[in-house]
Amino acid sequence: MKTPIYFSHEIRQLEQLARESGISDLMERAGMAAAELARELLAGKTSVLVIAGPGNNGGDALVAARHLKAWWFKVNIVFIGETAKLPPDAANALQAWLAIGGELLDAIPADGKWDMVIDGLFGIGLARELSGRYLELVREINRMNLPVLALDIPSGLDADAGQTFRAAIHASHTLSFIALKPGLLTAYGPDYCGQIHVDTLELDAPALLKPNGWLLEKTEVAAALKPRPRNSHKGMLGSVGILGGASAMCGAALLAGRAALKLGAGRVYAALLADAAPAVDIGQPELMLCAPEKLFQLDHLNCLAVGPGLGQSPQAVQLLRQALETELPLVLDADALNLLAIHDDMQELTKSRKGSTILTPHSAEAARLLSSTTHDIQQERVHSATLIAQRLNCLVVLKGAGSICATPKGEWFVNPTGNPGMSSAGMGDVLSGMIAALIAQRLTPQSALLLAVYLHGAAADDWVEQGVGPIGLTATEVADAARMLLNRWIYSPVA
Ligand SMILES: NC(=O)C1=CN([C@@H]2O[C@H](COP(=O)(O)OP(=O)(O)OC[C@H]3O[C@@H](n4cnc5c(N)ncnc54)[C@H](O)[C@@H]3O)[C@@H](O)[C@H]2O)[C@@H](O)CC1
Ligand SMILES: Nc1ncnc2c1ncn2[C@@H]1O[C@H](COP(=O)(O)OP(=O)(O)O)[C@@H](O)[C@H]1O
Ligand SMILES: [K+]
């Protein structure tokens, strides 16, 4: 089963659709799910501090508190809201809490001791920067250093963007209701959410509202993989060309080329622009180095990756244009993207290409493509990725924590793999080579993109699990682990 992701306005639509179909107890369902998870996480401990805010997120917290109290947990509720202004469901939850003899505190008692905090301060309704007592409360909870179960979303986090409204609660667990939201998974989301759980509240969300967003998951991305026939030969496994490596940047193209080899391309050619380019890659002599013009004379290339170390010389511009004029599937990275951003004619060429084009910008490159700023791209990562995909009629991965893949049809995917060990030079070059190798091996460009993005992060995660990294993890190591995982996924799929 694929896992859908919805923006908060879509979650509200789902709530409305559920209500129209006669379901009126979503808050009760949410509160029960929260209480059950809290009980499991408490694992025998007994004392809980519940923070209930002014809206329905507070209502969920009140329902959870009621169940935990009934199950003999010691529960204190700090209620930060105005009783008279509570939305109807939350007002009912408050009455039910008071009816069982529950009390409300208006601040966290200084001398209290708890085993866990349940954060029901704000959910998807948070609409502006935190200030005053709300801001202070978030900071106070973070200072307590206790395990925190956040209801729906850590309070202070923007459910759509993964940015914070000035501050946010650092949760150890987040229980997302109905479905995932993108802000849990991208930008700062992973820093604040801890372990993410989803409770659908028994709604079949995709049946109610067609999702455009999906989580990348191993079962989905690896579905396209199959073992090679015994009677294989290199021509069958495709040929990749890498175009880049201007003076002082040859390493970028070599990294991409080596990654393409390690991901199984039959032949890899690296065409380097530098005048003093090496004739052979001594560390990886399997790579075939050639002059750029030679690359375009080859008749058996299946995919071309342009950009790693390309530079922005007139020669780079001419070669990029030549690449765009081919019908080959193209992966464009780094300076290929920067050049595309400033040459309108190349954008027109991109839009009308017969072959697929995959763009792999990080947020600064995306900002150049959209004439925007890195800050604004980070505020709207999903929207930015889909906008580039639609404007330029191409597949896109907007890289960075929680990479967003987008298609020209408006579908988008969030990648949960990867870690800060990947914030080092060369990682993007390796990704380009990986995508190109998978396309050369006949995966569809979209399948190749989604698999490569997921695998690239999973490879880095594998090193971290082994105690190598995140500090000092290198792009070469990521390519090596990607090769190992890819083989494992195909040949020992249970592992
Ligand atoms: N949408 C759904 O289907 C469901 C929603 N539920 C819960 O309801 C939540 C959404 O509830 P609401 O829409 O009431 O929103 P919230 O409870 O997230 O917060 C809204 C309240 O906070 C105030 N507010 C917003 N920003 C503020 C700020 N910076 N400083 C101070 N006050 C601020 C608003 O004026 C409003 O009173 C979800 O996150 C979820 O926890 C659940 O009960 C289950 C079903
Ligand atoms: N904190 C992080 N969490 C997850 N992935 C990351 C993180 N930092 C970087 N990455 C990944 O590492 C790669 C870095 O690419 P890029 O910025 O182009 O590097 P370079 O140009 O130096 O090769 C991208 O795939 C990006 O998604
Ligand atoms: K919350």
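Note that this is a predicted model, so its numbers are computed, not measured. (Residues numbered from 1 in each chain as written. Chains lettered and ligands numbered in written order. Predicted model: local features only at pLDDT ≥ 70, side-chain atom pairs only at ≥ 80, totals over all residues.)

### Overview of unusual backbone geometry
Excluding glycine, a negative phi dihedral is what most residues carry, and trans is how most peptide bonds are arranged. Cut-off, in case you're wondering: Counting from the N terminus, the helices are the DSSP runs of H or I reaching at least four residues and the strands are the DSSP runs of E reaching at least two.
Here the bond from Gly469 into Pro470 is cis, since omega is 15 degrees, no more than 30 degrees from zero. With respect to the element layout, Pro470 can be found in the loop between α18 (445-465) and α19 (475-491). A positive phi angle, near 60 degrees, is found at Glu202, a position not held by glycine. Turning to its location among the elements, Glu202 is positioned in the loop between β7 (195-199) and α7 (205-208). With a phi angle near 70 degrees, Ala248 is a residue other than glycine that sits in the positive phi range. Looking at the secondary structure, you find Ala248 in the loop between β9 (239-244) and α9 (250-262).

### Quick notes on the site of ligand 1
This is how it is decided: The criterion for a residue being near a molecule or strand is simple: its C-beta atom, placed using the backbone, must lie within 6 Å of it.
Close contacts around ligand 1 come from 30 residues, with Glu15, Gly55, Asn56, Gly123 and Gly125 the closest. Broken down by secondary-structure element, the contributors of at least two residues to the shell around ligand 1 are α1 (8-20), α2 (26-42) and α3 (56-70). Per element, the largest residue contribution to the shell around ligand 1 is five residues, and it comes from α3.

### As for the domain arrangement of the protein chain
Defined as follows: Those domain boundaries reflect an automatic or database domain assignment. What counts as a contact is two residues whose backbone-derived C-beta atoms lie within 7 Å of each other. Residues are grouped as follows: Ala, Val, Leu, Ile, Met, Phe, Trp, Tyr, Cys and Pro are nonpolar; Asp, Glu, Lys and Arg are charged; all remaining types, including Gly, are polar.
Looking at the assigned domains, one finds that the protein chain contains domain 1 (4-209) and domain 2 (218-491). Domain 1 and domain 2 are separated by 40 Å when their C-alpha centres are compared. Across the contact, ten residues belong to domain 1 and ten residues belong to domain 2. A per-class count over the side of domain 1 that touches domain 2 returns six nonpolar, four polar and no charged.

### Considerations on the site of ligand 2
Among the 19 residues in the neighbourhood of ligand 2, the closest are listed as Lys399, Gly418, Met422, Met427 and Gly428. Looking at the shell around ligand 2, the elements with two or more residues in it are α17 (427-440) and α18. The leading source of residues in the shell around ligand 2 is α17, at four residues. Of the residues assigned to the shell around ligand 2, the class counts are seven nonpolar, ten polar and two charged.

### Describing the sheet that holds strand β12 (residues 303-306)
Selection rule: We call two strands paired when DSSP finds no fewer than two bridges between them. Axis lines are fitted to C-alpha atoms, over the contacting stretch for helices. Their N-to-C directions set the angle, which ranges from 0 to 180 degrees.
Across the sheet, eleven strands lie side by side as β1-β8-β17-β16-β15-β14-β13-β12-β9-β10-β11; this open sheet has mixed pairing. Every other strand in the sheet has two partners, leaving β1 (4-5) and β11 (288-290) as the edge strands with one partner each. Pairing of strand β15 (residues 395-398) with strand β16 (residues 404-406) involves three bridges; the strand directions are antiparallel. Within β16, the residue paired with Leu398 across the bridge is Ile404. Together, β9, β12 and β13 (330-332) form the strand contacts of helix α11 (residues 314-325), whose direction differs from that of β12 by roughly 150 degrees.

### Here's the deal with α17
Defined as follows: One less than the number of residues in a helix, times 1.5 Å, gives the span that helix is expected to have. Exposure is read from a count of other C-beta atoms within 10 Å of each residue's own; the residue is exposed at 12 or fewer, buried at 20 or more and partly exposed in between. C-beta atoms are placed from the backbone.
The end-to-end C-alpha separation of α17 is 20 Å, in line with the 20 Å expected for 14 residues at 1.5 Å each. Most of α17 sits out of view: 14 of its 14 residues are buried.

### Examining the sheet that holds strand β6 (residues 173-177)
The six strands lie next to each other as β3-β2-β4-β5-β6-β7, forming an open sheet whose pairing is parallel. A single partner strand is all that each edge strand has here, and the edge strands are β3 (74-79) and β7. Pairwise comparison of adjacent strand axes, ignoring direction, gives a mean angle of 20 degrees for this sheet. Direction of pairing for β6 relative to β7: parallel, over a ladder of five bridges. Looking at β7, one finds that Leu175 is bridged to His197. Those strands touched by α3 are β2 (47-52), β3, β4 (116-120) and β5 (148-151), and its axis lies near 155 degrees from that of β2.

### Points about the packing of α3 against helix α4 (residues 88-99)
For the record, the criterion: To sort the angles, those under 35 degrees are grouped as roughly parallel, those over 145 as roughly antiparallel, those from 65 to 115 as roughly perpendicular, and the leftovers as oblique. It is the rotation of the near helix from the far one that decides the hand of a crossing: anticlockwise by less than a right angle makes it left-handed, clockwise makes it right-handed.
Between α3 and α4, the shortest axis-to-axis distance is 8 Å and the interhelical angle comes to 25 degrees. When the axis of α3 is compared with that of α4, the two are roughly parallel. Crossing of α3 against α4: the hand is left-handed. Mapping the contact onto sequence places Asn56, Gly58, Gly59, Leu62, Val63, Ala65 and Arg66 in α3 and Asp89, Ala90, Ala93, Leu94, Ala96 and Trp97 in α4. Residues that form the contact of α3 with α4 fall into these classes: eight nonpolar, three polar and two charged.

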